[in-house]
4 protein chains.
Amino acid sequence: MTALPPRTRNRLAKERRILDSALKVFADQGYSGTSMDAIAALAGVSKPTLYQYFGSKEQLFGAIMAEQRDTMLGAFEEPDGLGLVPELWAFSWHYAGTVLRPEFLSLARLIIGEAQRFPEIGRAYQAAGPERMLAGMMDYLMARKAEGRLTFDDAEMAAEDLWGLVLSAPRNRALHDPENLPSRADLNRFITNGLRVFLKAYSTDPATDLAQLQALSEQGPAQGTP
Amino acid sequence: MTALPPRTRNRLAKERRILDSALKVFADQGYSGTSMDAIAALAGVSKPTLYQYFGSKEQLFGAIMAEQRDTMLGAFEEPDGLGLVPELWAFSWHYAGTVLRPEFLSLARLIIGEAQRFPEIGRAYQAAGPERMLAGMMDYLMARKAEGRLTFDDAEMAAEDLWGLVLSAPRNRALHDPENLPSRADLNRFITNGLRVFLKAYSTDPATDLAQLQALSEQGPAQGTP
Amino acid sequence: MTALPPRTRNRLAKERRILDSALKVFADQGYSGTSMDAIAALAGVSKPTLYQYFGSKEQLFGAIMAEQRDTMLGAFEEPDGLGLVPELWAFSWHYAGTVLRPEFLSLARLIIGEAQRFPEIGRAYQAAGPERMLAGMMDYLMARKAEGRLTFDDAEMAAEDLWGLVLSAPRNRALHDPENLPSRADLNRFITNGLRVFLKAYSTDPATDLAQLQALSEQGPAQGTP
Amino acid sequence: MTALPPRTRNRLAKERRILDSALKVFADQGYSGTSMDAIAALAGVSKPTLYQYFGSKEQLFGAIMAEQRDTMLGAFEEPDGLGLVPELWAFSWHYAGTVLRPEFLSLARLIIGEAQRFPEIGRAYQAAGPERMLAGMMDYLMARKAEGRLTFDDAEMAAEDLWGLVLSAPRNRALHDPENLPSRADLNRFITNGLRVFLKAYSTDPATDLAQLQALSEQGPAQGTP
DNA sequence: TATGAATGAGCATTCATTCAT
DNA sequence: CATGAATGAATGCTCATTCAT
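Just so it is clear, the model here is predicted, and its values are computed rather than measured.

Peer 1: Got a minute to help me understand the relation of the copies chain A and chain B in this structure?
Peer 2: Superposition of the two copies of the chain requires a rotation about an axis and a shift along the axis. Between chain A and chain B, which share one sequence, the superposing operator has a rotation angle of 179° and an axial displacement of 0.0 Å; the RMSD is 0.2 Å. Such a combination of turn and shift is consistent with a two-fold rotation axis.

Peer 1: Looking at this model, I keep getting lost on the protein's contact with DNA strand E. Mind explaining?
Peer 2: Lining the immediate environment of DNA strand E, one finds 34 residues, of which Lys14 and Pro48 of chain A, Lys47 of chain B together with Lys47 and Tyr51 of chain C sit closest. When the atoms of DNA strand E within 4 Å of the protein are sorted by group, sugar and phosphate make up 56%. Backbone polar atom of Ser46 of chain A to a phosphate oxygen of DNA strand E: 2.9 Å apart, as the coordinates give it. Thr49 of chain D is positioned such that a nitrogen or oxygen atom in its side chain is 2.8 Å from a phosphate oxygen of DNA strand E. At the level of elements, helix 1 (6-33) and helix 3 (47-54) of chain A, helix 3 (47-54) of chain B, helix 3 (47-54) of chain C together with helix 3 (47-54) of chain D are the ones that each hand at least two residues to the surface near DNA strand E. The residue inventory of the surface near DNA strand E, partitioned by class, reads eleven nonpolar, twelve polar and eleven charged.

Peer 1: I tried to follow the interface of chain A and chain B on my own but got confused; where do I start?
Peer 2: For an interface, size is often stated in terms of accessible area lost upon the parts coming together. In this assembly, 46 residues from chain A lie in contact with 46 residues from chain B. Broken down residue by residue, the surface that chain A buries against chain B is led by Ile112, Gln116 and His176 of chain A, which jointly contribute 17%. Taken together, chain A and chain B are joined by twelve salt bridges. Linking Arg189 of chain A and Asp154 of chain B is a salt bridge whose minimum nitrogen-to-oxygen distance equals 3.2 Å. Across the chain A-chain B interface, the total number found is 20 residue pairs in polar contact (both at pLDDT 80 or more). For the side of chain A that touches chain B, the elements supplying multiple residues, two or more each, are helix 1, helix 6 (102-113), helix 7 (119-128), helix 9 (155-166), helix 10 (168-176) and helix 11 (184-202) of chain A. Within the side of chain A that touches chain B, the residues separate by chemical class into 17 nonpolar, 15 polar and 14 charged.

Peer 1: Explain the domain arrangement of chain A to me, please; I cannot follow it from the model alone.
Peer 2: All names here are of chain A. Examined at the domain level, chain A breaks down into domain 1 (6-63) and domain 2 (73-219). Each side of the interface is counted separately: domain 1 has eight residues, and domain 2 has seven residues. A per-residue breakdown of the area domain 1 buries against domain 2 is headed by Ala27, Tyr31 and Phe61, which together make up 60% of the total. Where domain 1 packs against domain 2, one counts two residue pairs in polar contact (both at pLDDT 80 or more). Contributions of two or more residues to the side of domain 1 that touches domain 2 are made by helix 1 and helix 4 (57-72). With six residues, helix 1 is the single largest residue contributor to the side of domain 1 that touches domain 2. The residue inventory of the side of domain 1 that touches domain 2, partitioned by class, reads five nonpolar, two polar and one charged.

Peer 1: Would you mind showing me how to read the relation of the copies chain D and chain C here?
Peer 2: Placing chain D over chain C gives an RMSD of 0.2 Å and needs a rotation angle of 179°, together with 0.0 Å of translation along the axis. A shared binding surface is used by both copies, with 100% of the interface residues of chain D retained as interface residues in chain C.

Peer 1: Help me understand the protein's contact with DNA strand F, please; the structure alone is not making it clear to me.
Peer 2: Around DNA strand F, a shell composed of 33 residues is seen, among which Lys47 and Tyr51 of chain A, Pro48 of chain B, Lys14 of chain C together with Lys47 of chain D lie nearest. Taking all atoms of DNA strand F within 4 Å of the protein, the share assigned to sugar and phosphate is 56%. A distance of 2.9 Å separates a phosphate oxygen of DNA strand F from a polar side-chain atom of Tyr53 of chain C. Here Lys47 of chain D contributes a side-chain N or O atom positioned 2.5 Å from a base oxygen of DNA strand F. Within the residue set of the surface near DNA strand F, elements represented by two or more residues are helix 3 of chain A, helix 3 of chain B, helix 1 (6-33) and helix 3 of chain C together with helix 3 of chain D. For the surface near DNA strand F, the element with the most residues is helix 3 of chain B, which contributes five residues.

About the thresholds
Residues numbered from 1 in each chain as written. Chains lettered and ligands numbered in written order. Predicted model: local features only at pLDDT ≥ 70, side-chain atom pairs only at ≥ 80, totals over all residues. Heavy atoms only, no water. Least-squares fit on C-alpha atoms with pLDDT ≥ 70 in both. Near = heavy atom within 4 Å. Polar contact = N/O pair within 3.5 Å; in protein donor to acceptor, adjacent residues only side chain to side chain. Helix = DSSP H or I, 4+ residues; strand = E, 2+ residues; numbered from the N terminus. Nonpolar A, V, L, I, M, F, W, Y, C, P; charged D, E, K, R; others polar. Contact = heavy atoms within 4.5 Å. Buried area = accessible area lost by both parts, 1.4 Å probe. Salt bridge = Lys/Arg side-chain N within 4 Å of Asp/Glu carboxyl O. Domains from an automatic or database assignment.

Structural data, given as structure tokens:
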């Protein structure tokens, strides 16, 4: 990583300020509700600068979406060898901490709200976020199946089940009601219950696993999660 | 219900045309993207009439949302005594047929997209739709528990699980990608799998229930569902 | 011609004010140099009203040009039986009084200046103005030929010659130099000279005709011409 | 003319590129329709360079016009001793080939279109082009008069007549309708006819001259004319 | 000297809203 | 009661011009 010429550094900094401001305003007001003036004001640049950097409102919107999509890549990380139940537990909390963050929810609302006008963006986001996550989860679950810890026929469905059991309910609520994010206790309830059902359906040793889950649930969230 | 004077009938008809047109345009273009001109044109009335009937764009939006919320009430119907598994099966297909209808999805996208600007609306919709449905489902599940057909501790969680297992995945995809609605075969896969997991976790007689589910799955969707 | 409803009368009056103002501003500033604000201000209406009446700048421009084109129709009038030379004399002065009027010149400059961007308009104006005039003149000249007063082979060329001899020089100067319109005396010189050459070339009795022309020239312009 | 230092050569080359590009764009889009960006892009220089070289849009426009005016000087060349009729014939074709060239017409449209906003330019162009040409022609005609080949009182009028008879019609058409330039055959008709009228009016030996003209007309355009 | 980057002011156009009829 | 007509205030975007480098 070599030093950039000052021009370039300045340009990049301004580009960053514009992108950040635009994301904020778009997420807040929607595409049509957002004015280029508002973005320029928040970024502290003039309107022509906006246009010099991004060409048009639609292109600026596209640039943000592309960036957010890229940012989302690699969200799934292989867990760290704690054993099945702690891994699922950690994963659930980690993912909840990502997916229920206010900015993440705002972005999701924006994308959903504009999906009719910008279908490619909704599709691209789907491919870069949820589908990637799903693929990672499938790999993980198949590895556990190979070890004899889980049993299922259709790995994709198993991965979907995990997500649907653990996070769909709080996320749906949060999407509709931005001001009432689930509390830590709420999440504990959703996650514990979701994993319980998952393990009942898929574990090769449900009794042990459920006991371990119960213990984790009583300790509270995994460390390092919001 | 007595006959209305013609003036009133006329007024009601016009009100209806306005509401229908407005819903269509709002769902299509979002709140900010919708112009009162577009609504007036589609409804075939003049703009001042719009304002006479509904006061302002925001109030018109509110009126539509209130109406849609009311329309949604009672979406849950007690099933008809076919027994647990066919009832869950029928319910899943019926609900999928509601929730994945394009107009319903458009409305949901609209509400989610505007949830930041109109938080009461998102909240109200949540209370009138999903929560009501959830309550109905809880009652149903508790009745089955009382009959000894199901076993669980937390009825709310069980109801959430059913929804999360059966419909959250296709609905989420459809929200992001309006042009790729799930096919009948896709739905069959999601519903069959979701109910299988649900029964594994909650049925008091899983072996019998899963066999019955398998039979239904091979027959295809319940009759009368889209 | 029946009385119009007041709405319509009002509308027509406003339309007229807009067209007049727009013609003035366009002729003054050219198409690109004209702002809708300037037109609206001069017409005393708001900008949206402009758009309600004429849709867009380009359409407003087109409307003006169409109207001016129609106005120009019938500019050629059969002279009134004074005999060949007085008729040509009267016609020349009448036509000079039309074609060298400042507004007419401004319009011509506008059309010529925008001919590259609006080729149909230049063409349409050509067809409605000069070509129509030419056709009228051809008819007139052919009638005089039939009477034995003139002699020529190509009536179109004869008509072009008349125009080219009498008015092309002052008009060309005026097009380039709006502030120096030819004086009455200048015109007298151009017209007298042009008709003299025309008669030398085409008259069957040049001696008599030239004498008559000389007399007219000494009396000054035909009555009723500017 | 000594070698210039490279800096200066570079500067001159750049100046030239700017002037050429600007002329093209101005002629195409008119003064108001032309953006400094467009000129800079076509010239391959940056906008500040434009301003450094020419100060402002208006000054750049003035510089182009001054240059074009100078370019036009000396357009009239003494003919080469072929005798009256061939000389007039050659002159007419040569002048038609200049005045009806597309770039020349574009420039004329530009000047006429902007004559109201830039009156000095129209006036200057008039003085440098047409009037100079006219003066040359007057000298030529007076020389022929001195030789007894022509007869007239007012040399200026005779010169105007020649122009008005031969070229005003095709030029006027071309000014209004840029896409329909007159064909070679059209020009032959205009020129032959115009010279015929001129000779009838001014020649001291019309019979001989008209016969010679007829022969030239049947041979077609003078050599070396477009 | 030449330029990438920046901007205040202006452009055509559209919006939610309100009179006058 | 309903509407044609009107408008102040934006909106997305572009322009001639000028810094900072």
